[in-house]
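Examining the three-dimensional arrangement
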Amino acid sequence: MNGVLTGIRVLDFGRYIAGPYCAELLSQFGADVIRIEKLSGSEDRYTTPVTEDGQGALFLQMNCNKRGITLNPTRPEGREVVKKLVATADVVLANLPPPTLVEMGIDYKSLKAIKEDIIFTTVSAFGSVGPYSDRLGFDGIGQAMSGAVHMGGFPGQPIKSYAPYVDFGTATSAALGTLVAIMARQQTGKGQVVEGALLRTALCYSNSLMIEQVLLDLNRTGTGNRAQNAGPGNIFNTKDGAVIIQVIGQPLFARWTKLVGADEWLDDPRFATDALRGENGAIISERAAAWCGERTTEQVLAECEAARVPSGPVLTAQQAYDDPHVQAMGVLNSIDYPGLAEAAPVAGTPVVLSETPGQITRRPPTLGEHTDEIMSEIGYSAQEIAELREKRII
């Protein structure tokens, strides 16, 4: 596949989401990504299984366009394979604990000794400095420690987001950092370390909450789906489902009040600003809930659209897939994979470029599918490959 990153080779030692999705984004713009897994397969290969042999939906999403190799880099012969792979690479990506990186020979010091201008992209839960730097963590921990989970639920019942936005946000930021590092290397000839951290991402995404707290000492508590800085902003039940309505700013509020017959609220001091509407959001939500409850979802959406009030239906995953606009966007790619009864709808890049778009051109690799091909590329003979396989190195 030709793309902006054609000619850039990435070694993907990632697992779960933050590492593999970073590499997936790079692959969709042309990078040659080699996914390196344990001989039994990495953990994310089997997360959310969708085939009879346990291959997972997460792996299908994260590993299109990649070539796959199995390798045990903790053995001396495996370390030699790593060295030969690194010598051909531009970027090495890993989200593994520092001791494991050293054991595998893919810490930055070891990588730089092999290839001076290598770019090392690493993702961890807490980053490389601070008292928690050696701790393990997942997306939900980043969400919880950022303040977002406290605000996402109700007093005494914090709720995290189902979608792992911290993982995906960290992966996207790491991909951006990697691209910048590639551009910097073109200018300076030097590689560098690109470091992403789940907690750093979570803190960035919820930073306005912290700024407000430190400056104003409001000590907010969660109100579920109801917004606290504007209104109406909530999820409301209809006769046959549920919708979300989000109103921010005076012009939208004026249109909404006219829509629901609450024109008198425009002169009510309780609702004079977004902040005041947030403080009195329970009153506004009660009025909006009554209005929505008298209508079907289709009626609510049609009337909101006619009034140019932002709204949307609460959809199941199946309904989202079936939605005509979702289908028209072209974000979903039908990907066949061994063991699937039908093609999987795998999302492509979330950003669209008019001249150099990202593309999915190849299904994810089966376990070790390209091992022989890649080993041959770095100089191993067929006999040497067979011997390494016999020794369980590859």
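Above this text sits the structure in question.
For clarity, every value in this text was computed on a predicted model and none was experimentally measured.

1. Some remarks on the pairing of strand β3 (residues 67-70)
Here β3 shows no split at all, with Arg67 and Ile69 on one side and Gly68 and Thr70 on the other all buried. Note that strand β2 (residues 32-37) and β3 share four bridges and pair parallel. Each residue of the ladder has a partner; that of Arg35, found in β3, is Gly68. Taken together, β2, helix α2 (residues 57-62) and β3 form a β-α-β motif whose crossover is right-handed.

2. Some words on unusual backbone geometry
The amide bond that connects Gly231 to the next residue, Pro232, takes the cis arrangement and shows omega of -5°. With respect to the element layout, Pro232 can be found in the loop between α10 (207-216) and β7 (233-237). Positive phi is not limited to glycine here, since Tyr16 has a value of about 60°. Structurally, the position occupied by Tyr16 is in the loop between β1 (9-12) and α1 (18-28). Positive phi outside glycine occurs at Asp217, with the angle close to 55°. Following the sequence through the fold, Asp217 ends up in the loop between α10 and β7. By relative accessible area, Asp217 is classed as exposed at 52%.

3. Examining helix α14 (residues 297-306)
All of the buried residues along α14 are Thr297, Val300 and Cys304. Seen from one end, α14 has its buried residues packed into an arc of 65°, which puts them on one side. Across from the buried face of α14, at angles greater than 90 degrees, the exposed residues are Glu298 and Ala306. Buried-residue contacts for α14 involve β8 (242-246), α11 (250-260), α13 (281-293) and β9 (311-313). Once α14 ends, the next one or two residues include Arg308, with phi positive near 60°.

4. A closer look at the pattern of salt bridges
Tallied over the entire structure, the rule returns 27 salt bridges. Ionic pairing is found between Glu80 and Lys83, a salt bridge with its closest N-O pair at 3.5 Å. Taken together, the residues span about one helical turn, with Glu80 and Lys83 both in helix α3 (residues 76-87) at a distance of three residues. On the basis of relative accessibility, which here comes to 37%, the residue Glu80 falls in the partly exposed class. Between Glu212 and Arg220 there is a salt bridge, with its nearest N and O atoms 2.7 Å apart. Glu212 gets classed as buried once you look at its relative accessible area, which sits at 18%. Within the structure, one salt-bridge network assembled from shared partners comprises Arg9, Asp32, Arg67, Glu373 and Glu377.

5. Here's the deal with the sheet that holds β9
What links the strands of a sheet is backbone hydrogen bonding, and the strands pair in either a parallel or an antiparallel sense. Here three strands make up an open sheet; going across it, the order is β7-β8-β9 and the pairing antiparallel. Two strands in the sheet have a free side with no partner beyond their single neighbour: β7 and β9. Shown here is a sheet whose adjacent strand axes are inclined to one another by a mean of 20°, direction ignored. Bridge analysis of β8 against β9 gives three bridges, and the strand direction is antiparallel. Its bridge partner being in β9, Val243 is matched across the sheet by Pro313. This element, α13, spans β7 and β8 of the sheet and lies at about 35° to β7. Here α14 sits on the sheet in contact with β8 and β9, set at roughly 20° to β8.

6. Notes on the packing of aromatic side chains
Both the distance between ring centres and the angle between the ring planes are used here to describe each pair of aromatic rings. This model, assessed by the stated rule, comprises eight aromatic pairs. Both rings, one in Tyr21 and one in Phe168, keep their centres 4.9 Å apart while their planes meet at 75°; by these two values the pair is edge-to-face. Within this pair, whereas Tyr21 is found in helix α1, its partner Phe168 is found in helix α8 (residues 165-188), the two being separated by 147 residues in sequence. Relative accessible area serves as the criterion here: at 8%, Tyr21 is assigned to the buried category. Measuring from ring centre to ring centre gives 5.8 Å for Phe126 and Tyr132, while their planes differ by 70°; the resulting arrangement is edge-to-face. Of the residues examined, Phe126 reaches a relative accessible area of 13% and is grouped as buried. Residue classification places Tyr132 among the partly exposed positions, given a relative accessible area of 34%. The cationic tip of Lys84 hangs over the ring face of Tyr380; the distance from NZ or CZ to the ring centre is 4.3 Å. The ring of Trp265 has Arg287 lying over it, and the distance from NZ or CZ to the ring centre is 5.2 Å.

7. Side note on the sheet that holds β2
Strand order in the open sheet made by the six strands is β3-β2-β1-β4-β5-β6, with parallel pairing throughout. Two strands bound the open sheet, and with one partner strand each, they are β3 and β6 (193-197). Adjacent strand axes in the sheet meet at a mean angle of 20° when their direction is disregarded. On top of the sheet, α1 reaches β1, β2, β4 (91-94) and β5 (119-124); it is set at about 160° to β1, its chief contact. Lying over the sheet, helix α9 (residues 198-205) contacts β5 and β6, oriented at roughly 65° with respect to β6.

What counts and what doesn't
Residues numbered from 1 in each chain as written. Predicted model: local features only at pLDDT ≥ 70, side-chain atom pairs only at ≥ 80, totals over all residues. Heavy atoms only, no water. Buried < 20%, exposed > 50% of the residue type's maximum accessible area, 1.4 Å probe, protein only. Helix = DSSP H or I, 4+ residues; strand = E, 2+ residues; numbered from the N terminus. Pairing = 2+ DSSP bridges. Right-handed = clockwise from strand over helix to strand, strands pointing away. Arc of directions from axis to C-beta. Contact = heavy atoms within 4.5 Å. Salt bridge = Lys/Arg side-chain N within 4 Å of Asp/Glu carboxyl O. Axes fitted to C-alpha atoms, helices over the stretch in contact; angles between N-to-C directions. Phe/Tyr/Trp six-rings, centres within 6.5 Å; stacked < 30°, edge-to-face > 60°. Lys NZ or Arg CZ within 6 Å of the ring centre and 35° of its normal.

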